Every structure is written in structure tokens, then in C-alpha cells.
Amino acid sequence: MKAHTLVIGAGIAGLQAALDLAEQGRQVVLVEKNPSIGGRMISLSKVYPTLDCASCITTPRMASVAHHPLIHTLTYTEVLGVAKNEDGTFRAHLRKKPRYIEEDKCIGCKRCEEVCPVYIRDDFEHQLGAKKAISIPFTNAIPQFPVLEPQSCTWCGACANACPVDCIDFTQESRDLFVEVDAVLLATGFQLTPIDAKAQYGGGKLRNVISSLQGERLLAPHGPYGRVLRPSDGKVPDSIAFVQCAGSRDASLGVPYCSRVCCMYAIKQAMLLSGSLPTADITIYYMDIRAFGKGYEAFYQNAKAMGINFVKAKVGRIREIEDGNLALRIERQEGTAQPEEAQHDLVILSLGLTPQWNPGQLAWEVKTASDGFVATPGAPLDPAATTQDGVFACGTATGPKDIVDSIMEAGNAATEVGKRLEIRAPMVPGGAS
Amino acid sequence: MSGAMDEAKVGVYVCHCGGNISDVVDVKAVAAELGKHPQVAISKEFAFMCSDAGQKLVIEDIKSGKINRVVVAACSPALHELTFRKALQRADLNPYLYEHVNIREQVSWVHKGDHDAATRKATSLTRAGVEKILRQDRLESIHVGAAKRVLIVGGGPAGLKAALDSAARGLKVTLVEKSGRLGGHLHEFDTVYPGGQSASELLGKLLSAVSANPAITVVLGAEVKTWDGFVGNFKAVLSTGDAVNAGAVIMATGYRHTAPSAGEYRFGKDDRVITLPALIEQMKAAPRGPLTRGGRAVRSVAFIHCVGSRQIEGVHAPQEDGKVNDYCSRVCCTAALHTINALKERQSDLAIYDLYRDIRTYGRGHEAIYEQASKNGVLFFRFTEEAQPEIRESSVVVKDVLTWNQEVELPADLVVLVTGVKPGEVAELTAMMKLPTGSDRFLQEAHPKLRPVEVANNGFFLAGACQAPMDLVESAAAAGAAASKVAAVLSKDFITLDPYVARVDAEKCTGCEACLPECAYTGALFMNGSKKAEVNAALCKGCGACVAVCEPRALDLAGWSLDQMEAMVDAMASEVAP
Ligand SMILES: Cc1cc2nc3c(=O)[nH]c(=O)nc-3n(C[C@H](O)[C@H](O)[C@H](O)COP(=O)(O)OP(=O)(O)OC[C@H]3O[C@@H](n4cnc5c(N)ncnc54)[C@H](O)[C@@H]3O)c2cc1C
Ligand SMILES: Cc1cc2nc3c(=O)[nH]c(=O)nc-3n(C[C@H](O)[C@H](O)[C@H](O)COP(=O)(O)OP(=O)(O)OC[C@H]3O[C@@H](n4cnc5c(N)ncnc54)[C@H](O)[C@@H]3O)c2cc1C
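Bear in mind the structure is a predicted one, so any value in this text is a computation, not a measurement.

## Focus on the sheet that holds strand S21 (residues 395–400) of chain B
All names here are of chain B. The 3 strands lie next to each other as S20-S21-S22, forming an open sheet whose pairing is antiparallel. The sheet is open, and its two borders are formed by strand S20 (390–391) and strand S22 (406–411), each paired with just one other strand. Sheet topology note: the S21/S22 ladder contains 6 bridges and is antiparallel. Paired with Asp400 across the strands is Gln406, a residue of S22.

Written as C-alpha cells, this is what we have:
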């Protein structure tokens, strides 16, 4: 396969960059390792500062990408290697993982999912919900193909019997693909620091200590419980705490930097919680509130006016008391001097952002910086260039940032790729090149 | 028209919006009710109409010949009207045979308390949508040619990068800079955070690339004086007399430093009190050796953050327009700490006190600058907006919340007010170009999440700090993103516009000219040789002002015709009648 550009990662940054390039008449191969495009954004509840529902504003972008004649999307596909050829082009080695269905036959009817008897943990719900061993990853996934998890499947054959188009294929194998391109764009995104990285917070052990992405799912319109309940006993929580910088600005975790989005997403989740649980007490324990973007300070001030408690304090230790409730040892940094204990029945940890993928593992010249994210030696004026000529990066692959900043970088990366293509593959009048 | 109506088969699709609508509106009831309409061939409800699966439903129903007009009752058309028009296009149906009915913002979100009434209203609005689309003609989008030139207003770092990026894509560029030199605020800095590069080196690179590029015409000391035209064909005349014909415009008018208000922190009264930009200028002018003030060595400096930013009504004096600057200026925390570290490097025994509300070193490499300042022995004190620091004879007094509201008196030979930023002087331009600004007076993007460099007005794009405070990395990204959008618009041979413009029925037109004075868009409406009104579709904005005054009903708005409006009103009125 040949194209102008390979975009790796189909989160909002990769989607936007692919669209921008395609709108300029450039052929894009977009590769995504998950079964659906959309990245983190499609799993969020609502997005600050507009409180637009994340599904409502992400799906149109996903659909435009999926339908664009110049974008070839490969989902559930991994990048095994990228090598630079003598002539400056790149050859990428990709591996398409088996979904165990024939994609050209499947009509997305979900009959297989309905009859499957095996329930497994749902990664999309960050382990809060369950799904079937063969299922479409989530309601508005693109493409609408089910994926069979071979580790959990009992090979009972129920799905194959139920499938009206006979597309289940238990023997399907992975398939290798090779793509030749003039430029590569990394939009490989972020992940959260492990929930148990800071043992004193009890993450991973205490059931009512959850991650911020789990918090997003609790609040999402199609979330695991359909409303806000705490995991241990399904009780509606009435005292909820956010612990800020629970994985950032902490050299002991290897994350000395600020994760940039946590203040705002915690404020957002707090506002949404207070909307759905009007009588609940909501407290945010923080170091500094970093509401720096356009409209963000007003968002923060609104949250204060809504009665959300902002407490400048360090949280030392979280332990479980009776009924799954939690006691937080806090050290206020204003007001009183004494350490004190505060009780809450649900705690959301604002975990830090680290890179999702290390491009340094491939045999090429792309390097990461000391923070682990893709190095951008051209910054400040050329923030998309990496240490390898012809390879560019954008979005959270180059450091934590929110959606709007990711989108800006994606547009800029499309320009930088476009500039390279202008030299290597000039457009001929009329569109195609 | 009646012929078209006979064969019209409408498909109605009611969206749950994953609960956003269906938690309030009985979507099944709406779909069932609409299904009774004689010309509605299909009426369904679905979880997410905008999803791929939802769009597929529509496409399949069209392709199988069951329907030839579509109504989707869902969210605001601002979000998804285009999504579905494109779906119609994929099904080979004229994309304008589509009506988007908003039952989320206009129904479920505003009538949470009354499910029955909300369902009735949703039904009524959807029925009106059906009546409207039944009377829709097969409109065709309008194509206009495009000048392959982009006009960039403002020659700071963002404007310069946008110019280089656009030129590299084969476009001609006219770069208009109001001042006598290119470079904007980059001139003011010695080194830049976070990387510590020399500002003059960065600027030098940009400037030599711009001057070496024959596709870029720079006009210095100039402003846009007159403005006309539309996307693809804007016409500007500059104060120098130069005329520019451009297909698209990138605004890169940047920011201005805020000035402390009269007497704020004794600014203007006490010459120990200066602003951060003034300190940066002083340090750049004398890059080595200890800091002096009025000929004497400075031994202690107090920085006070958030001057002119994060202002609170009632606490801070308002700006010229009566409003306070309630936004965060984003760049000042890191700029101040970067400057502090530079000071410490020159003069390690200098006592530095940093008085802040929140330290917002959010960006890549910023936190390390804050860390470094702490390591350098800078002392931090946190104040609240209610209890601002006080400037005394030779000290500053701050009520420090970090030490339980103790009042601390700090010696200060120099007080540096960390002032914020406000948008460049663009009132005249925005009035002339009819560009939107936000309540913070910065230029307003089309969507604060998804479309940060686009403007609602076709053909305009935003680069850099004219849209919001931002640092160089962010300004460069915005500039590149704007250039990307421009390349997309101007890479095609023509620009496509929506057909919702006025049209004239020449038979009915009496040539009375009553419409002419109503038209606000030069050239859009005129009298032709046969004394009939005529519309230039590329210039008409479809505002409908001419339609309202046309007594013989010769003027009408395509896609929003009087017939359609009447039918919609009838549909809704029949609903409430007993
Ligand atoms: C709890 C939480 C709440 C948030 N809320 C908001 C909010 O309200 N508003 C806001 O503006 N921002 C918010 N954010 C930030 C937002 O999620 C990010 O800005 C955005 O998702 C970044 O998009 P991205 O495309 O850079 O990365 P991602 O969304 O991480 O996408 C990266 C994609 O690349 C794929 N990928 C990675 N490696 C490979 C590989 N090797 N091969 C193929 N594919 C690969 C991944 O599977 C993924 O699909 C929030 C973040 C968190 C953690
Ligand atoms: C105190 C301070 C320190 C900073 N330090 C750093 C730093 O160390 N690192 C960093 O990354 N960022 C820093 N910044 C931010 C940086 O200054 C901006 O990111 C950058 O200048 C924005 O570039 P711009 O081109 O958008 O705007 P500007 O630099 O403001 O340039 C705008 C240009 O447009 C021109 N213009 C305005 N109106 C018109 C008009 N009507 N017609 C024609 N021309 C017009 C102006 O004359 C100017 O030349 C700092 C900001 C401040 C306030």
C-alpha cells in the first residue's frame, strides 16, 4: 500500500491531522491499535469548558474520517516497525489483529453479542462494567464490528450459530501489511499513571478509590451504571473527594511535571457530580488550581460559586473505615496547622499523564525527551518536528494537553507534513498527485 | 411544486442522544406520531443518530428508495446538520433535502421537569420540520473562484510562521504589520522559556526566511483601511494605498500588555514599582551584572502575580469598557519565574519574594522552571483575591495563607507587577470585517473545543495570541493550524458556499427598489438592465432583510421561503388547537 502519510494513533489529534491532510488532497493511512477510532476523548463524559457531551462532538469527527475517500483507516492494527528508505520515504510494517469475524461480511447487528454467554471486564469502562467475550467495543464505536477476545472465549459456537451472515471465523489469524509513505505523524496519545503507583492512596486495593477516567465513565450518559454509584456497594455517594496531583508534580513517581488537564477535568467532574447529586458534598484537594486556558478561569469561579469546596492541602494517606467509606489524612496548606482526617465515601484520584507509546522502541531516529514524551527539538517555533526528518508529532504524544491544544497541534502538524509533501510529492492541478 | 410534493417520501429519525434527549422526551411516541403523517414513509428512533450506525440507517433507507427527504430530530444543527447532509450526499441524494430539528437544546435540556409537554413540543417541532422539507427545492451549492493569496494581519511570531507556512504551500502572501518592524513581542525578550533559546536568534531565523521568500510581500507601518468581498475574493485597501485581493485572511494581531490601573500597588506613584515587561526590557538592555534602580543596587525584589488578570468585580478597577479582566493570562506565571531565574543567575544573593494566587506552570518544561526557582531560594507567599498585598515605604506586606494568614513584611527595593495581556487594538478591524469577539475581547473562534483557529465567518482564520493568551509554542501551533485550514480552502479550484441566499421571481418584481436600501452587503442586491432586482449569490448572506420589505413577494430566501415558514407555523399552530 502507498500513501502520502502514515498517521499513527486515532485519538482526536490523529483524527484532526488526518482530516486536515485529506482536505488538502493528501492520501492518509491512519492506524489505530484499538478496535475503534476516537482515542480517550470518545470515552469522556462531557468536556470542559463548554460541557459539550464528548460523544456528541467526537462522533462527527470520527464519522468524517471514516467516510473520507482519501483516508484509509486501519483499526485493531499495530505498528511493528518503521524504516526509512534510501529515497527518504518510509516503509511501515503493520500487523492487523484478528477480530475473529470477516469484516466485509459483518453487518454490525449484534446478534453474536446478544447470545454470547461469557461476561468479561470492560476495558472501555475502565473495569467498572462488564461486556461479552464477543462484543462491539462501545455504542458509538467506529467501525461497528464486534471483537472476540480469544483468552476468554469458551468456543461454544453460540455466536457462529446466531450470526445471520455467517461471518464468525474462529481460525482467523493476524495479517501483516506494509505501507510506503512520504511522512509519518505520531499521535499516539497518553495513558494515566498506574492507580496503585502511590501506595498510600490505596488505589487498586480500596474499591471506592477510583481513577479520573473511571470518574468520566461514571458520569458518561452511557456509563456502566447509567448513573453515579460507587463501586463497592452501589450506594449513591454523598461525599466525594478529588485528590489532585495524585500522579504528577511528584519526582518520586518519575512524573515531576504538571499533567496540565487534571485541575480542569476535576472541576468539570465536580460540577457534573453536583448536577446529578445536588445534595452531595464535593471537595477538591489541590496544590494550585491551574485554570489557564480560554474560558477556564470563569469555569473555576463558577464551580466555586456552585458550592464545590476547594481545599489547598496535601493528602497523606487514605484508609478504609466502616462500610467502604474512606478516611483521608490531610495536611491543609491554609487555615489550620494540624493534620486532620476527612471522611468521604468516594475518592477520585487525579492521576498523571504519561506517554502511551514509546517510539524509541523502533529502530529509527525518533527520540523521547527526559519526560518520556516525544522530543520536539524545533520548539518553540516548530513544535511538530521530531529528531527524525520526515517524522512529526502532535497532541498528547508530545506532552499532556487538553483537546483544544491537541487540535491546534494537529493542524500545525498537518501543515508541517504538507510542507514536506509539497517538496516530495507536489500536487498537480486538479487534486491528485 | 405540488408535483414534487406528491412524490416526496420523508424519513424521520428521532435521536436519543444517549439519554440526553430520551431521558426527557418520549422518543418512541414522537416517532410514532410522525409516522402517521401521510408523507412520512419511515419514522424511527435510535440511540445516536450521528454515529456511523445511525447514518447508515438513513443511507440505506434512501438507497433502497423508501425515502427521498430526511428529517433528523436531534441536537443543535450547529453540531450535526453538516454530518447528515454529507450522509445524504453519500446516498446520492441532494444534500439540501435535509432538515435538522433541534429537540435537545430547544427541548430536552430546557424542559427537564415536564416530560409530557417536552414530548409534545418535540413532536410539534419535528412535524414543522417535515412540512418545511416537503416544500424544499433541490438547491445546489454555489461555487466561487478563489484568489490564491492569503492576507495576514499582524507580523508577530504567529503571523510570520503563518506566512512561511502558507508560502510553502504555494500560496502568495501579503503580510501587513502595523508597526515599523516585524517580530511582535519577540523583540522584547532576551531568552525565552521553557528552552532558554535566544529570542533574537529565533526572530532572526524567521525574518531571514520571510525576506528570502519571494511569495511573501511584507507591508510595514500599514493597516487595513477598507474591506469588501467574501471568501475566495476579499478586497482590502491598506493605509499605504496598496490594494490586496485575497482568498482568505489570517488574523495574527496578537496581544498588548495590560497596564496597572491608576495607583494599583502604587504604580506610577512609587518608582520602585515596575511591571514585568519593563523589568524584562531593563534586563535585556543590560544583560549582565547586578540589577540597579535609580543608580542604586537592588538587594530585594518582590513579584506580585495576577495584576490585570483573574480580576474580580468589586475588588479590581474595571478596564476602559467597564469590565474587569476575569481571565487568566496564561503566560505570566512562567514568564515571571523564567525572569526570576535569570535574575538569580546574575545575582545569586538577590532576595526574591514571589507573591502569587496559584502558580500555573502548566506547560511542557514549565514546572522545572518553578522547581528551579525554589531551588534558587525564592520564597513563595500565597495571597487571596480578597486580601491583596500592600506596598509600604520600603517593603511589601502580604497576608500569607500558606502560613495561616500571618502578616509578613518583606523588604523590597523593587516591586515587579506581573501584568497580564489583553488583545491587540482591533476594534476598528473587527467592526469593518464583522468579526466576532468574546466577552474577554479576544477574537472569537468558531468552537472553543473543536475549531480553535476558525471563525464563524467564512474565509477568516486566527493565529496566535489574538485568540487568547498563549506562549510561543502554542502560537506557533495555532499559526500552523490556521495555515492548514487556509491550504485546504485555497487548494481547491473553487470554494463551495451554501445556497441559502435571496432569489428573485422576475415576473413578480415590480422594480419598486424598496429592497435596495435594506441590503447591508455591497453588491449583493442590485437592479439589472431590465429594471428587476437581481442577487449576486456569492455576496448575499441570506439575512432576509430584502424579503421582508418586498410587497409583491418577488423576493424569497432559498431554503427558508415564505411558503415553508407558513407551513411550519401552520403545523405548529394546528397542534395547540383543541
Ligand atoms: C480523566 C480525563 C478527563 C479529561 N477531560 C477533558 C475535557 O473535559 N476537556 C479537554 O479538553 N480535555 C480533557 N482531557 C484531555 C483529553 O483526553 C486529551 O487532550 C485528548 O484525549 C488527547 O488526544 P490525543 O489524540 O493526543 O491522545 P489519545 O486520546 O490518547 O489518542 C491516542 C490514540 O493513539 C492510539 N495509539 C497509541 N499508540 C499506538 C500505536 N503504537 N499504534 C497505533 N495506535 C496507537 C491509542 O489507542 C489512541 O486511540 C481529559 C483527560 C483525562 C485523563
Ligand atoms: C511578559 C511576557 C513574557 C513572555 N515570555 C515568553 C517566553 O519566554 N516564551 C514564550 O514562549 N512566550 C512568552 N510570552 C508569550 C509570547 O509573547 C507570545 O506567545 C507571542 O508573542 C504571541 O505571538 P503573536 O504573533 O500572536 O502576537 P504578538 O507578538 O503580539 O504580535 C502581533 C503583531 O501584530 C501587530 N498588529 C497588531 N494589530 C495590528 C493591526 N491592526 N494591523 C496590523 N498589525 C497589527 C503587532 O504590531 C505585532 O507585531 C511572553 C508574554 C509576556 C506577556
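## As for the domain arrangement of chain B
One can read the domain layout of chain B as domain 1 (5–139), domain 2 (149–254 + 424–495), domain 3 (264–420) and domain 4 (501–557). The centre of domain 2 of chain B, based on its C-alpha atoms, is set 35 Å off from the matching centre of domain 4 of chain B.

## Section: helix H6 (residues 262–276) of chain A
Here H6(A) is 15 residues long and its end C-alpha atoms lie 21 Å apart, about the 21 Å a rise of 1.5 Å per residue gives. In terms of residue burial, H6(A) counts as a mostly covered element, since 13 of its 15 residues are buried.

## Focus: the pairing of strand S6 (residues 149–153) of chain B
Taken residue by residue, a regular strand's side chains alternate between the two faces of the sheet. Residues and elements named next belong to chain B. Of all the 5 residues making up S6, 4 are buried; the element is thus mostly covered by neighbouring parts of the structure. The pairing of S6 with strand S7 (residues 172–177) spans 5 bridges and is classified as parallel. In the sheet register, Leu151 faces S7, and the bridge partner there is Thr174. In terms of handedness, the path from S6 via helix H7 (residues 157–168) over to S7 forms a crossover that is right-handed. Bridge analysis of S6 against strand S12 (residues 248–251) gives 4 bridges, and the strand direction is parallel. In the sheet register, Val153 faces S12, and the bridge partner there is Met251.

## Description of the state of the cysteines
Between two cysteines, a covalent bond joining their sulfur atoms is known as a disulfide. Tallied over the entire structure, the rule returns 1 disulfide over all chains. Put simply, A:Cys53 and A:Cys56 are joined by a disulfide, and their sulfur atoms are 2.1 Å apart. Taking the sign of the S-S torsion, about 85° here, the bridge from A:Cys53 to A:Cys56 comes out right-handed. When sorted by exposure, A:Cys53 lands in the same class as A:Cys56, which is buried. With no disulfide partner, A:Cys116 has as its closest neighbouring cysteine sulfur the one in A:Cys156, 6.4 Å distant. Residue A:Cys116 is classed as buried on the basis of its relative accessible area, which comes to 10%. This cysteine, B:Cys15, is not joined by any disulfide, and B:Cys17 carries the nearest cysteine sulfur, 5.2 Å off. Given the relative accessible area of 4%, B:Cys15 is considered buried.

## Considerations on the interface of chain B and chain A
Between chain B and chain A, the residue contacts involve 73 residues of the former and 75 residues of the latter. Across the chain B/chain A interface, buried area totals approximately 6100 Å², and carbon plus sulfur atoms make up 54% of it. Counting across the interface, chain B meets chain A through 15 salt bridges. The salt bridge partner of B:Lys161 is A:Glu416, with a shortest N-O separation of 3.0 Å. Seen at the junction of chain B and chain A, the total is 38 residue pairs in polar contact (both at pLDDT 80 or more). Among the elements of the structure, helix H3 (52–63), helix H4 (77–90), H7, helix H8 (199–212), helix H11 (366–375) and helix H13 (472–491) of chain B are those that each provide at least two residues to the side of chain B that touches chain A. In terms of residues, the side of chain B that touches chain A owes the most to one element, H13(B), which gives 14 residues. Among the residues forming the side of chain B that touches chain A, the class breakdown is 35 nonpolar, 15 polar and 23 charged.

## Observations regarding the pattern of salt bridges
Per the stated rule, a full pass over the model turns up 64 salt bridges over all chains. Its salt-bridge partner being A:Lys96, residue A:Glu103 comes within 3.2 Å of it at the nearest N-O pair. A relative accessible area of 10% places A:Lys96 in the buried class. Residue B:Arg104 pairs with B:Glu105 through a salt bridge whose shortest N-O separation is 2.9 Å. Through salt bridges with shared partners, a single network forms among A:Glu297, A:Glu334, B:Arg310, B:Asp358, B:Arg360 and B:Arg382.

## Digging into the nonpolar core
Ranked by internal contacts, the top residues of the largest apolar core, which has 121 residues, are B:Leu151, B:Met251 and B:Phe303. Looking at this core element by element, the count peaks at 8 residues for H13(B). Those residues within four positions of B:Leu151 in sequence are excluded, and the remaining contacts are B:Thr174, B:Val176, B:Val224, B:Trp227, B:Ala236, B:Val244, B:Ala246, B:Ala248, B:Val249 and B:Ile250. Core analysis: the second largest hydrophobic core is formed by 112 residues, A:Ile289, B:Cys17, B:Val71 and B:Ile133 among them.

## Things to note about the site of ligand 2
Residues and elements named next belong to chain B. The local shell around ligand 2 holds 32 residues, among which Glu177, His185, Tyr193, Met470 and Leu472 are the closest. Between ligand 2 and Pro157, the relevant distance is 3.2 Å, taken from an oxygen atom to a main-chain nitrogen or oxygen of the residue. A distance of 3.2 Å separates an oxygen atom of ligand 2 from a polar atom in the backbone of Asp471. Protein chains bury 95% of the 1000 Å² of accessible surface belonging to ligand 2 in isolation. Where the shell around ligand 2 is concerned, the elements lending two or more residues are H7, S7, strand S13 (255–257), helix H9 (276–285) and H13. Two domains each provide a minimum of three residues to the shell around ligand 2, namely domain 2 (149–254 + 424–495) and domain 3 (264–420).

## A few points about the side chain of B:Ser329
Residues and elements named next belong to chain B. Within the secondary structure layout, Ser329 lies in the loop between strand S17 (300–307) and helix H10 (332–346). Take Ser329: its relative accessible area is 1%, and that puts it in the buried class. Here the side chain of Ser329 touches Ser309 through a polar contact of 2.8 Å, side chain to side chain. There is a polar contact of 3.1 Å between the side chain of Ser329 and the backbone nitrogen of Val421. When neighbours within four sequence positions are excluded, Ser329 is seen to be in contact with Ser309, Gly420, Val421 and Pro469.

Definitions and cut-offs
- Residues numbered from 1 in each chain as written.
- Chains lettered and ligands numbered in written order.
- Predicted model: local features only at pLDDT ≥ 70, side-chain atom pairs only at ≥ 80, totals over all residues.
- Heavy atoms only, no water.
- Pairing = 2+ DSSP bridges.
- Helix = DSSP H or I, 4+ residues; strand = E, 2+ residues; numbered from the N terminus.
- Domains from an automatic or database assignment.
- Expected span 1.5 Å × (residues − 1).
- Buried < 20%, exposed > 50% of the residue type's maximum accessible area, 1.4 Å probe, protein only.
- Right-handed = clockwise from strand over helix to strand, strands pointing away.
- Disulfide = S-S within 2.5 Å.
- Contact = heavy atoms within 4.5 Å.
- Buried area = accessible area lost by both parts, 1.4 Å probe.
- Salt bridge = Lys/Arg side-chain N within 4 Å of Asp/Glu carboxyl O.
- Polar contact = N/O pair within 3.5 Å; in protein donor to acceptor, adjacent residues only side chain to side chain.
- Nonpolar A, V, L, I, M, F, W, Y, C, P; charged D, E, K, R; others polar.
- Core = buried A, V, L, I, M, F, W, Y, C linked by side-chain atoms within 4.5 Å.
- Near = heavy atom within 4 Å.
- Areas by Shrake-Rupley, 256 points an atom, 1.4 Å probe, with all protein chains shown as cover.

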